[in-house]
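Fold and contact review
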Amino acid sequence: MSDYGMMDKEEIFSKVLRAGRRTYFFDVRATKAGDYYLTITESKKFTNDDGSFHYKKHKIYLYKEDFTEFREILGEMTDYIINEKGEEVISERHQKDYKREDDFVQQEAKTPQDTEPTTESFTDISFDDI
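Scope of this entry: the structure provided in the associated data block. As the structure is a prediction and not an experimental result, all values here were calculated from the model. (Residues numbered from 1 in each chain as written. Predicted model: local features only at pLDDT ≥ 70, side-chain atom pairs only at ≥ 80, totals over all residues. Heavy atoms only, no water.)

Now for the pattern of salt bridges. The final tally for this structure, using the stated rule, is three salt bridges. Lysine 64 is the salt-bridge partner of aspartate 35, the closest N and O atoms lying 2.6 Å from each other. Of this pair, aspartate 35 sits in the loop between β2 (22-30) and β3 (36-47) while lysine 64 is found in helix α2 (residues 64-85), placing the two residues 29 residues apart along the sequence. The class of lysine 64 is partly exposed, set by a relative accessible area of 45%. (Salt bridge = Lys/Arg side-chain N within 4 Å of Asp/Glu carboxyl O. Helix = DSSP H or I, 4+ residues; strand = E, 2+ residues; numbered from the N terminus. Buried < 20%, exposed > 50% of the residue type's maximum accessible area, 1.4 Å probe, protein only.)

Printed below as a string of structure tokens:
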């Protein structure tokens with residue numbers, strides 16, 4: 001039991017979701033007061049020119065007082081996407097001019113609108129709107 005000591009505080013409860021070049025880490029952590037909160041870390045793998053890898057990480061901290069609203073909004077957003085577009089993934093990979101995400105690494109600071117073809121924003125207009 002004593003072997004775990006400090007480990008217990010760090011590794012309370014963790015899950016990992018591997019999603020292609022991205023990995024999501026869900027970790028329950030303890031506050032100084034002994035309460036629990038959640039961190040969600042996105043780790044994205046990039047290939048360097050020499051074939052080696054580096055990772056970029058982004059972390060979100062989520063505290064108890066925000067759980068209910070966070071879950072509601074996340075559910076609302078995911079439901080909206082499924083309702084609008086269905087569960088099947090519409091992939092750019094099947095298009096002739098598809099470029100791998102790695103090609104856009106230098107442009108990452110730009111907003112998605114800057115990197116997407118401008119015609120993209122017109123293709124989703126439904127005829128009810130016209």
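Here we take up the environment of lysine 64. Linking lysine 64 and tyrosine 36, residues 28 residues apart in sequence, is a C-alpha distance of 7.7 Å. Setting aside residues no more than four positions away along its own chain, lysine 64 makes contact with Asp35 and Tyr36. For lysine 64, the side chain forms a polar contact with the side chain of aspartate 35, separated by 2.6 Å. (Contact = heavy atoms within 4.5 Å. Polar contact = N/O pair within 3.5 Å; in protein donor to acceptor, adjacent residues only side chain to side chain.)

The next point concerns a negative patch on the surface. The grouping of Glu65, Asp66, Glu69, Glu72, Glu76 and Asp79 at the surface amounts to a negative patch. Along the chain, aspartate 66 turns up in helix α2. (Patch = residues over 30% accessible without salt bridge, like charges linked within 9 Å, V, L, I, M, F, W, Y side chains within 5 Å. Areas by Shrake-Rupley, 256 points an atom, 1.4 Å probe, with all protein chains shown as cover. Lys, Arg positive; Asp, Glu negative; His and termini not counted. Charge placed at Lys NZ, Arg CZ, Asp CG, Glu CD.)

With that settled, the discussion passes to the sheet that holds β3. The four strands are arranged β1-β2-β3-β4 in an open sheet whose pairing can be described as antiparallel. Two strands lie at the open edges of the sheet, namely β1 (13-19) and β4 (53-62), each paired on one side alone. Neighbouring strand axes in the sheet, compared pairwise and without regard to direction, differ in orientation by 20° on average. Packed on one face of the sheet, α2 meets β3 and β4 and runs near 105° to β4. (Pairing = 2+ DSSP bridges. Axes fitted to C-alpha atoms, helices over the stretch in contact; angles between N-to-C directions.)

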